[in-house]
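One-letter residues, chain by chain:
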Amino acid sequence: MAGSTVNILAVGSGPVIDDLLRILSHSRWSVSRVGTLGQSTDRLKRGWRGVVVCEAALPDGSWKDMLAHTAGLPWAPPLIVAATHADDALWMEV
């Protein structure tokens, strides 16, 4: 759809999220950043809609915890897992 805005919730505080924000800074996409799983679940409970980009490891959980939380939402957003140093084991899990 031309002219629509994509909403992205970036979850994490590491360099992979920094890079994502830098890449998207010149787009029409709306990016919100939170640092922890707890902050993201609070936002999602309030009805936030869009795509979630989550670091593989968070201070208070992991991408698996995020997946479990989003799967229980009536509007389950797409989840993208991001990692600075991803190995085959991580990608097989994802």
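Everything that follows concerns the structure shown earlier in this document.
In this report, the structure presented in the accompanying data block is examined.

Cut-offs used in this document
- Residues numbered from 1 in each chain as written.
- Predicted model: local features only at pLDDT ≥ 70, side-chain atom pairs only at ≥ 80, totals over all residues.
- Heavy atoms only, no water.
- Helix = DSSP H or I, 4+ residues; strand = E, 2+ residues; numbered from the N terminus.
- Rg over C-alpha atoms; globule rule 2.2 N^0.38 Å.
- Buried < 20%, exposed > 50% of the residue type's maximum accessible area, 1.4 Å probe, protein only.
- Contact = heavy atoms within 4.5 Å.
- Areas by Shrake-Rupley, 256 points an atom, 1.4 Å probe, with all protein chains shown as cover.
- Core = buried A, V, L, I, M, F, W, Y, C linked by side-chain atoms within 4.5 Å.

## What about the overall build of the protein chain?
A tally of regular secondary structure across the protein chain gives 4 helices and 6 strands. Listing every helix and strand of the protein chain by position from the N terminus yields β-α-β-α-β-β-β-α-β-α. Its C-alpha atoms give the protein chain a radius of gyration of 13 Å, within 12% of the compact-globule value 12 Å for 94 residues. Judged by the C-alpha coordinates and their principal axes, the protein chain covers about 40 × 30 × 20 Å. Burial status across the protein chain gives 33% buried among its 94 residues. Considering only contacts within the protein chain whose residues lie at least 6 apart along the sequence, 62% involve residues at least 24 apart. Carbon and sulfur atoms form 56% of the exposed surface of the protein chain, whose accessible area is close to 5,500 Å².

## Some points on the nonpolar core
Residues Leu9, Val11, Leu44, Val52, Cys54, Trp63 and Met66 are the most contacted members of the largest nonpolar core, which totals 15 residues. Mapped by element, the contributors of at least two residues to this core are β1 (7–11), α2 (37–45), β3 (51–55) and α3 (63–71). Grouped together as the second largest cluster of nonpolar side chains are 7 residues, Ile17, Leu20, Leu24 and Val53 included.

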